[in-house]
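# Summary of structural features
Listed here are the chains, written in short residue letters.
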Amino acid sequence: MAYLALLQEYRQIPVVTRAYTTACVLTTAAVQLEFITPFQLYFNPDLIIKRYQVWRLLTNFLFFGPLGFSFLFNMVFLYRYCRMLEEGSFRGRTADFLLMFIFGGFLMTLFGIFASLFFLGQAFTIMLVYVWSRRNPFVRMNFFGLLNFRAPFLPWVLMGFSLLLGNSVIVDLLGIVVGHVYYFLEDVFPNQPGGVKLLVTPSFLLQDYPRRQERLQMLESGATYYMLEEL
């Protein structure tokens, strides 16, 4: 019965969040069990171009390091804010959510070419946190019972925490920059005088996730989505 309840709970996770977090956990498990190594996963433009190892474009977003505090910390934030975005501002807009994934991954990959970054999963998580925080500016946060602040400060608090742990802040800054670019193009610029919507969801995504069905899901799931979230 416990297994069935757990399976039912797993199936209730939104599809994009479920797919991405599951892929991250399975990738880490495969490395821990020595089925694969991080050297087969990291971002390497030369191997991608010259040896056609195109899977590295994806796998560098799936590996967050070996099991430990850092991995669990990243997984909690990835799952938490990816799900809140998908169930919140992207509710009934799965195709648009996928577009954000593609757009963010593309910009980070371009930057990774010039900055010699090997794994971009943490930057991707920070991007999700940034977009959520800007769309929920009045939510009060509490960080480990030490700091109280509003949601827009969360990405910067996480970057400071990463710095305290002795990590490079370049990856965190990359996530913040890409998140801000997406937020500006999607939420700010179209609402300016003379502004237009530049991020248009391509037809091949809309064919997989028809807007008509998405609107029906919104109506069936309820009229309003409320959230007061404490970290």
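Above this text sits the structure in question.
This report concerns the structure included in the present document. Owing to the predicted nature of the structure, the values given are computational and were not obtained by experimental measurement. (Residues numbered from 1 in each chain as written. Predicted model: local features only at pLDDT ≥ 70, side-chain atom pairs only at ≥ 80, totals over all residues. Heavy atoms only, no water.)

### Section: the nonpolar core
- Among the nonpolar cores identified, the biggest contains 54 residues, and Tyr20, Met100, Met108 and Leu128 are the most heavily contacted of them.
- Contributions of two or more residues to this core are made by helix H2 (15-32), helix H5 (69-87), helix H6 (94-115), helix H7 (121-135), strand S1 (140-143), helix H8 (154-164) and helix H9 (170-188). (Core = buried A, V, L, I, M, F, W, Y, C linked by side-chain atoms within 4.5 Å. Buried < 20%, exposed > 50% of the residue type's maximum accessible area, 1.4 Å probe, protein only. Helix = DSSP H or I, 4+ residues; strand = E, 2+ residues; numbered from the N terminus.)

### A few points about the pattern of salt bridges
- Across all of its chains, the model carries five salt bridges by this definition.
- Measuring nitrogen to oxygen at the nearest pair gives 3.7 Å for the salt bridge that ties glutamate 186 to arginine 93. Of the two residues, glutamate 186 is situated in helix H9 and arginine 93 in the loop between H5 and H6; the sequence distance between them amounts to 93 residues.
- Glutamate 186 gets classed as buried once you look at its relative accessible area, which sits at 13%.
- Residue classification places arginine 93 among the partly exposed residues on the basis of a relative accessible area of 22%.
- The residue arginine 135 makes a salt bridge to aspartate 187 at a minimum N-O spacing of 2.7 Å. With arginine 135 in helix H7 and aspartate 187 in helix H9, this pair connects stretches of sequence that are 52 residues apart.
- The network of salt bridges with shared partners includes Arg93, Asp96, Glu186 and Lys197. (Salt bridge = Lys/Arg side-chain N within 4 Å of Asp/Glu carboxyl O.)

### Quick look at H6
- Between its terminal C-alpha atoms H6 stretches 31 Å, which fits the 32 Å expected from 22 residues at 1.5 Å a residue.
- At the exit of H6 stands serine 116, carrying a positive phi of roughly 55°. (Expected span 1.5 Å × (residues − 1).)

### A short note on a nonpolar patch on the surface
- A surface patch of nonpolar side chains, about 440 Å² in accessible area, is lined by Phe106, Leu110, Ile113 and Phe114.
- Of note, leucine 110 is situated in helix H6. (Patch = residues over 30% accessible without salt bridge, like charges linked within 9 Å, V, L, I, M, F, W, Y side chains within 5 Å. Areas by Shrake-Rupley, 256 points an atom, 1.4 Å probe, with all protein chains shown as cover.)

### Description of unusual backbone geometry
- The backbone phi angle of tyrosine 52 is positive, close to 60°, even though this residue is not glycine.
- As for its position among the elements, tyrosine 52 is in the loop between helix H3 (45-50) and helix H4 (56-59).
- Residue class for tyrosine 52 comes out exposed when judged on its relative accessible area of 64%.
- With a phi angle near 55°, serine 116 is a residue other than glycine that sits in the positive phi range.
- Its place among the elements puts serine 116 in the loop between H6 and H7.

### A closer look at the environment of tryptophan 55
- Tracing the sequence through the fold places tryptophan 55 in the loop between H3 and H4.
- Tryptophan 55 gets classed as partly exposed once you look at its relative accessible area, which sits at 44%.
- Note: C-alpha distance between tryptophan 55 and phenylalanine 43 (twelve residues apart in sequence) is 9.2 Å.

### A short note on the environment of tyrosine 79
- Residue placement: tyrosine 79 occurs in helix H5.
- The class of tyrosine 79 is partly exposed, set by a relative accessible area of 31%.
- When the C-alpha atoms of tyrosine 79 and threonine 21 are compared, they prove to be 6.3 Å apart, with 58 residues separating the residues in sequence.
- With residues up to four places along the chain from it excluded, the contact list for tyrosine 79 reads Ile13, Thr17 and Thr21.
- One polar contact links tyrosine 79 to arginine 83, side chain to side chain, over a distance of 2.4 Å. (Contact = heavy atoms within 4.5 Å. Polar contact = N/O pair within 3.5 Å; in protein donor to acceptor, adjacent residues only side chain to side chain.)

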